[in-house]
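Descriptive structure summary
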Amino acid sequence: MMTNNSSINSNSNSVPAAGSKGRVLLAYSGGLDTSCIMVWLIEQGYEVIAYLANIGQDEDFEAARTKALAIGATKVFIEDLRKEFVEDLVWPAIQANLLYEGVYLLGTSIARPVIARRQIELAKQEGCAYVSHGCTGKGNDQVRFELAYYALCPDIKVIAPWRNPEFYERFPGRQALLAYAAERNIPVAQTSAKPWSTDENLFHISFEAGILEDPNTTPPKDMWKLTVDPEDAPNTPERIAIHFVEGKPTKVENLSDGSTVHTDALELFMYLNELGRKHGVGRIDIVENRFIGIKSRGCYETPGGTILRAAHVDLEGLTLDREVRRLKDSYAQRLAELVYNGFWYSAEREFLMTSVDFSQRAVNGVVKLKLYKGNVVVEGRTSKTSLYDAKIASMDEAGGFNPSDSEGFIKIQSIRLKAYVAQKAMIDKSK
């Protein structure tokens, strides 16, 4: 496990404090909700340890650490999970071409397994009988986190305040939380000028709620955080080449500047994010179906992921056997649904990903791309394991293919169609 474990102790005892109901490891963000949850848990008699996962979000982690200790956390863990996130979650998502409901690249969904995994490891390390989170009782994340918790540690106990009537009846809205924060001296950063909620990681940022709850409201231009408006993106396109080995990105080259090259997984992905942001790549505005049955409007920015998926899908066209690709495409939606719904640690997800891994053995090569005003344009591809035969495909030479063989192929394919048309005629005649 590659983590950057950073903790601060203000209580070095190995057992919960006297009178405590137990020790809780809280997934903490430093925001209003989880700060109020921390103080509320302490008031309920729990000892609280705070856990912050660095998965690439724009966050002042040291400020969050200071705040957590100031309001009562006995320890704070800040874990750098960015490399794990890319290698263990992002790369498999790219290999599988994951796309929920045909549009969403699952940026929030794929982050939850790595966050939950480290939370459970720390809970075991620190002797916590409980884990807690700040997920709403109407959303998908409560399901994703808790299914992961129970899969990884069946005996763990989960405290979900936003499903506890004592908590959500006391705090029916943001104003009640703000009042509680003022009473308990919890520092709060006001964000009233941004009437929506966000969730950010290295893969994407999501926007939902507030004014976005009206699906016909056009997002204001200043909402988008990561990417340049495509209309304002550079007028000069930028060309890159992405190298893949067994479906995983291994190198990116900037063909326009002729010098920039990245091979480290984290650096490679961060560089693609940088390019995607610059050229306005990866914005979507959708209405999706949550697992719990509610439709939700969400806006997303996924710059690097959008570039990678376009390149990977194209390379599969060159290297995958036709029937293998059809089978893979046929279960890709089901796999996306499993990940979206929180079943990363399920038998069925592992079963399908094993098949994906097998399919990727031949997905080796280089894809050339042009980035221009929100578009990712494929301009060429090459592979040493290509199934493409230029001679057979050529219209200018036979290349070992006998055109007369097509006649028998067509006649065989027509047998079923002739029988169906005859059957339809019989049915129509009998009416």
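Residue numbers restart at each chain and count upward from 1, following the sequence in its written direction. Only residues with pLDDT of at least 70 are given local features in this predicted model, and only at 80 or more are side-chain atom pairs given and counted; all residues enter the totals for whole chains, interfaces and linings. In computing side-chain values, all of the structure's heavy atoms are included and hydrogens and water are not.

**Some thoughts on the sheet that holds strand E14 (residues 365–372)**
Selection rule: Two strands are counted as paired when DSSP detects at least two bridges linking them. Runs of H or I in DSSP of at least four residues are treated as helices and runs of E of at least two as strands, each being numbered from the N terminus. Two residues form a contact once any of their heavy atoms are found within 4.5 Å. All axes here are fitted lines through C-alpha atoms, helices being fitted over the stretch that makes contact, and every angle between N-to-C directions spans 0 to 180 degrees.
Taking strand neighbours across the sheet as the criterion, the five strands line up as E11-E10-E9-E14-E15 in an open arrangement whose pairing is antiparallel. Lying at the two open borders of the sheet, with one neighbouring strand each, are strand E11 (261–262) and strand E15 (375–382). Helix H8 (residues 265–278) rests against strand E9 (238–245), strand E10 (248–254), E11 and E14 of the sheet, and its axis sits at about 55 degrees to E10.

**Remarks on the confidence of the model for the protein chain**
So the rule is basically this: Each residue gets a pLDDT score, which is the predictor's confidence in that residue and runs from 0 to 100.
Per-residue pLDDT for the protein chain averages 92, and the proportion of residues at 70 or more is 92%. Within the model, pLDDT remains below 50 along residues 1–13, and this stretch shows 40 contacts once partners closer than five positions in the same chain are excluded.

**Points about the pairing of E10**
Bridge count for E9 against E10 is six bridges, and the pairing is antiparallel. The partner of Ala241 across the bridge, within E10, is Glu253. The turn linking E9 back onto E10 is made up of two residues, and Glu246 within it adopts a positive phi angle of 50 degrees. Relative to E11, E10 runs antiparallel, the two being bridged by two bridges.

**As for the packing of helix H1 (residues 32–43) against helix H7 (residues 174–183)**
Condition: Here the angle decides the label: under 35 degrees means roughly parallel, over 145 means roughly antiparallel, 65 to 115 means roughly perpendicular, and every other value means oblique. By the definition used in this description, the sense in which the near helix is turned from the far one sets the handedness, with an anticlockwise turn below a right angle giving left-handed and a clockwise turn giving right-handed.
Contact geometry for H1 and H7: axes closest at 10 Å, N-to-C directions at 60 degrees. Relative to H7, the element H1 lies oblique. Remark: the crossing between H1 and H7 carries left-handed chirality. Across the interface between the two elements, Leu32, Asp33, Cys36, Val39, Trp40 and Glu43 from H1 touch Arg174, Leu177, Leu178, Tyr180 and Ala181 from H7.

**Brief notes about the environment of Ala160**
As a reminder, the rule being used: For every residue, the accessible area obtained with a 1.4 Å probe (protein chains only) is divided by the maximum for its type, and the residue is called buried under 20%, exposed over 50%, and partly exposed between those limits.
Examined against the element boundaries, Ala160 turns out to sit in the loop between strand E6 (157–159) and helix H6 (165–168). The exposure class assigned to Ala160 is buried, which follows from its relative accessible area of 11%. In this structure the C-alpha to C-alpha distance between Ala160 and Tyr149, which are eleven residues apart in sequence, comes to 12 Å. Excluding residues that lie within four positions of it along the chain, Ala160 makes contacts with His133 and Glu146.

**Regarding the sheet that holds strand E8 (residues 205–208)**
Reading across from one edge, E7-E8-E13-E12 is the order of the four strands in this open sheet, with antiparallel pairing throughout. Looking at which strands have only one partner, the edges of the open sheet turn out to be strand E7 (197–200) and strand E12 (283–289). In this sheet, adjacent strand axes meet at a mean angle of 25 degrees when their direction is disregarded. Pairing of E7 with E8 involves four bridges; the strand directions are antiparallel. Residue pairing across strands places Thr198 opposite Phe207, the latter belonging to E8.

**What about the pairing of E14?**
Relative to E14, E9 runs antiparallel, the two sharing seven bridges. Along E14, the bridge assignment pairs Ile240 with Leu369. As paired strands, E14 and E15 are joined by seven bridges and run antiparallel to one another. Paired with Tyr372 across the bridge in E15 is Asn375.

**Some words on the nonpolar core**
Selection rule: Only buried residues count toward a nonpolar core, which is a set of Ala, Val, Leu, Ile, Met, Phe, Trp, Tyr and Cys residues joined through side-chain atoms within 4.5 Å.
Formed by 73 residues in total, the largest nonpolar core has its most connected members in Phe85, Leu106, Ile110, Ile240 and Ile242. Residues in contact with Ile240, not counting those within four places in the same chain, are Val252, Glu253, Asn254, Leu255, Leu272, Leu275, Ile307, Val367, Lys368, Leu369 and Leu371. Within the second largest apolar cluster, 31 residues are counted, among which are Val39, Tyr46, Leu177 and Leu178.

**Side note on the side chain of Ser296**
Stated formally: Polar contact is defined as a pair of N or O atoms within 3.5 Å, subject to the rule that within protein one atom must be able to donate a hydrogen and the other to accept it, and that residues adjacent in sequence are counted only when both atoms are side-chain atoms.
Looking at the secondary structure, you find Ser296 in strand E13 (residues 295–301). Here Arg290 takes part through its side chain, which lies 3.2 Å from a polar atom of the side chain of Ser296.

**Details of the state of the cysteines**
Our working rule: Criterion for a disulfide: a pair of cysteine sulfur atoms within 2.5 Å.
All chains considered together, the criterion is met by zero disulfides. Cys153 supplies the cysteine sulfur nearest to Cys128, a cysteine that is in no disulfide, at a spacing of 11 Å. Accessibility expressed as a relative area gives 14% for Cys153, which makes it buried.

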